[in-house]
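Per-entry structural report
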Amino acid sequence: MTALTSPGDWDGDGAPDVLARDGSGALWMYRGNGDGGWFPGRTQVGWGWNVMNAIFSGHDFSGDGPSDVFARDTNGRLWLYPGNGKGGWQNRVQIGWGWQGMDLIAAPGDYDYDGIGDVIAQDGNGTIWLYQGNGSGGFTGQRWLMDIPAAQVFG
């Protein structure tokens, strides 16, 4: 596998799942059994994901209930893939561009305690930015420079 993320309960059965991309660009769902293990088998939930150089969980970034996934393509466009709550997708939405300059990107949930999910990114100079979510699958239009070491945010 060349990338993986855990969007939480992707298929709606109450247990956390994992999404993993293989070398051909296929995206697979591995269903968690809720007891620290996996159900047998895997389900293909996407293809063509080899054009994405960053894939990460957005939990419920779109504000509609089910977990979501973010992906950055090789042209620096940031895409939101809203989940449908049943192991599949709603229509993807481009929510940003120019993200190729970001070395690290994460969606930690509600980072600024306003009740809405956010995205944090570190640029090539090591500067960390907070992109505040608007609660409906986009950003507020503001970004904030954060004065904390990257290791405290990204581990």
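Our subject in this report is the structure included herewith.

Rules used in this analysis
- Residues numbered from 1 in each chain as written.
- Predicted model: local features only at pLDDT ≥ 70, side-chain atom pairs only at ≥ 80, totals over all residues.
- Heavy atoms only, no water.
- Helix = DSSP H or I, 4+ residues; strand = E, 2+ residues; numbered from the N terminus.
- Buried < 20%, exposed > 50% of the residue type's maximum accessible area, 1.4 Å probe, protein only.
- Polar contact = N/O pair within 3.5 Å; in protein donor to acceptor, adjacent residues only side chain to side chain.
- Salt bridge = Lys/Arg side-chain N within 4 Å of Asp/Glu carboxyl O.
- Pairing = 2+ DSSP bridges.
- Axes fitted to C-alpha atoms, helices over the stretch in contact; angles between N-to-C directions.

The next subject is the environment of Asp22. Mapped onto the secondary structure, Asp22 falls in the loop between β2 (17-21) and β3 (27-30). Judged by relative accessible area, Asp22 falls into the buried class, the value being 17%. Counting along the chain gives 27 residues from Asp22 to Trp49, while the straight-line C-alpha distance between them is 8.8 Å. At 2.7 Å, the side chain of Asp22 and the side chain of Ser24 are in polar contact.

With that settled, the discussion passes to the pattern of salt bridges. Enumeration according to the criterion identifies three salt bridges in this entry. One salt bridge connects Asp13 with Arg31, and the closest N-O pair in it is separated by 3.3 Å. Linking Asp13 in the loop between β1 (3-8) and β2 with Arg31 in the loop between β3 and β4 (43-46), this pair joins segments that are 18 residues apart in sequence. A salt bridge links Arg77 to Asp73; its shortest N-O distance comes to 2.6 Å. Take Asp73: its relative accessible area is 4%, and that puts it in the buried class. Through salt bridges that share partners, Asp11, Asp13 and Arg31 make up one connected network.

With respect to topology, four strands assemble into an open sheet ordered β5-β6-β7-β8, the strand pairing being antiparallel. Each of the sheet's edge strands pairs with one partner strand only, and the pair in question is β5 (52-59) and β8 (93-96). Going from strand to strand, the sheet's axes swing by 30° on average, the running direction of each strand aside. Note: strand β6 (residues 68-73) against strand β7 (residues 78-82), five bridges, orientation antiparallel. Of the residues in β7, the one forming a bridge with Asp68 is Pro82.

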